[in-house]
Amino acid sequence: MSAESPGASDRISRWRGSFRAWRWQRPFWAGLLSLLAGVPIMYFPYNDLNAGGFTINMSTTAGSASLIIGVLLVVLGLTMWFQPMVRVFAGVATILLGLVSIPVSNFGGFLMGFLLALFGGGMSISWAPGENPSAQPAAGPGNASEDDGNGDSVPEPAGAGSASDQEARNGRHRAG
């Protein structure tokens, strides 16, 4: 007898499968990078660093602005996860907040938050929802042949451009 219940592995694999399906329907990695970008931007202005007996206080007059930028980046990361239809807006706003964090928040959280915001925003803008495999046509364009009226099939012309079908069949085209 094992101590492990037989249903535990089934529940874990079902949870993992449902998480994978949820993750592929939204810009997950873009949201994660944007969320992580807010952490160093919020953290460094309010933290004291100890370096060999010296205490370095990173508090600045822009500490509240750093907190606002960091919280907004976290909110934008969550927005990318739970509202994927506004991914372009969230991506542009993430990039702009990352750029604003350079002068406001200790060089954008010592460039860590800045770089994470740039990559997360760029990934969010470029992400597009996938298509269902069943929605795609079975045969791609160019695979079907045409009938020339005599019962013979004529292959589709291989040339690209604005040449008419007759010119493409005869091997002539306007380009040369």
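Keep in mind the model is a prediction, meaning the values are calculated, not measured.

Thresholds, definitions, all that
Residues numbered from 1 in each chain as written. Predicted model: local features only at pLDDT ≥ 70, side-chain atom pairs only at ≥ 80, totals over all residues. Heavy atoms only, no water. Helix = DSSP H or I, 4+ residues; strand = E, 2+ residues; numbered from the N terminus. Buried < 20%, exposed > 50% of the residue type's maximum accessible area, 1.4 Å probe, protein only. Contact = heavy atoms within 4.5 Å. Areas by Shrake-Rupley, 256 points an atom, 1.4 Å probe, with all protein chains shown as cover. Expected span 1.5 Å × (residues − 1). Axes fitted to C-alpha atoms, helices over the stretch in contact; angles between N-to-C directions. Parallel < 35°, antiparallel > 145°, perpendicular 65-115°, else oblique. Left-handed = near helix turned anticlockwise from the far one by under 90°. Nonpolar A, V, L, I, M, F, W, Y, C, P; charged D, E, K, R; others polar. UniProt positions renumbered as here; feature names shortened; annotations may be inferred. Phe/Tyr/Trp six-rings, centres within 6.5 Å; stacked < 30°, edge-to-face > 60°. Core = buried A, V, L, I, M, F, W, Y, C linked by side-chain atoms within 4.5 Å.

1. Some remarks on the overall build of the protein
Line of reasoning, step 1. Each helix and strand in the protein was counted, giving seven helices and four strands.
Line of reasoning, step 2. Each helix (α) and strand (β) of the protein, taken in turn from the N terminus, gives the series α-α-β-β-α-α-α-α-β-β-α.
Line of reasoning, step 3. Expressed as a percentage of its 176 residues, the buried residues of the protein come to 26%.
Line of reasoning, step 4. Put simply, 65% of the contacts in the protein that link residues at least 6 apart link residues at least 24 apart.
Line of reasoning, step 5. With the model as given, the accessible surface of the protein reaches about 12,000 Å², and the carbon-plus-sulfur share is 63%.

2. Some points on helix α6 (residues 112-126)
Three or four residues apart is the spacing at which side chains of an α-helix point the same way, because the helix has 3.6 residues per turn.
Line of reasoning, step 1. Between its first and last C-alpha, α6 extends 21 Å over 15 residues, near the 21 Å set by a 1.5 Å rise per residue.
Line of reasoning, step 2. Tucked into the core, α6 has its buried residues touching α2 (28-43), α3 (63-82), α4 (87-104) and α5 (106-110).

3. A closer look at the packing of α2 against α3
Line of reasoning, step 1. Contact geometry for α2 and α3: axes closest at 7 Å, N-to-C directions at 165°. By the angle class used here, α2 and α3 are roughly antiparallel. As for how α2 packs across α3, the hand of that crossing is left-handed. Taken together, the residues of α3 that come into contact with α2 (itself represented by Phe28, Ala30, Gly31, Leu32, Ser34, Leu35, Ala37, Gly38, Ile41 and Met42) are Ser66, Leu67, Ile69, Gly70, Val71, Leu73, Val74, Gly77, Leu78, Met80 and Trp81.
Line of reasoning, step 2. Tallied by class, residues from the contact of α2 with α3 come to 15 nonpolar, six polar and no charged.

4. What to know about the UniProt feature "transmembrane region" (unreviewed entry) in the protein
Line of reasoning, step 1. Taking the UniProt record as the reference, the feature "transmembrane region" (unreviewed entry) is found at residues 28-46, 58-78 and 85-104.
Line of reasoning, step 2. As annotated, residues 28-46 has a helix share of 84% and a strand share of 0%, and its two end C-alpha atoms lie 29 Å apart.
Line of reasoning, step 3. A distance of 30 Å separates the end C-alpha atoms of residues 85-104, which is 90% helix and 0% strand.

5. Topic: the packing of aromatic side chains
What describes a pair of aromatic rings is the distance from one ring centre to the other and the angle between the planes of the rings.
Line of reasoning, step 1. Within this structure, the stated rule accounts for nine aromatic pairs.
Line of reasoning, step 2. Seen in terms of ring centroids, phenylalanine 19 and phenylalanine 28 are 5.7 Å apart; in terms of plane orientation they differ by 90°. Their pairing is edge-to-face.
Line of reasoning, step 3. For phenylalanine 19, a relative accessible area of 28% translates into the label partly exposed.
Line of reasoning, step 4. Geometrically, the ring pair formed by tryptophan 81 and phenylalanine 82 is edge-to-face, given 6.4 Å between the ring centres and 85° between the ring planes.
Line of reasoning, step 5. Three or more aromatic residues link up through ring pairs in this structure, and these residues are Trp15, Phe19, Trp22, Phe28, Trp29, Trp81 and Phe82.

6. Description of the nonpolar core
Line of reasoning, step 1. Core analysis: the biggest nonpolar cluster contains 11 residues, these being Ala30, Ala37, Ile41, Ile69, Leu73, Leu76, Met80, Ala90, Ala93, Leu97 and Ala117.
Line of reasoning, step 2. Of all the elements in the fold, those that place two or more residues in this core are α2, α3 and α4.
Line of reasoning, step 3. Among the elements that make up this core, the one with the highest residue count is α3 (four residues).
Line of reasoning, step 4. Setting aside chain neighbours within four positions, we find alanine 90 in contact with Leu76 and Met80.

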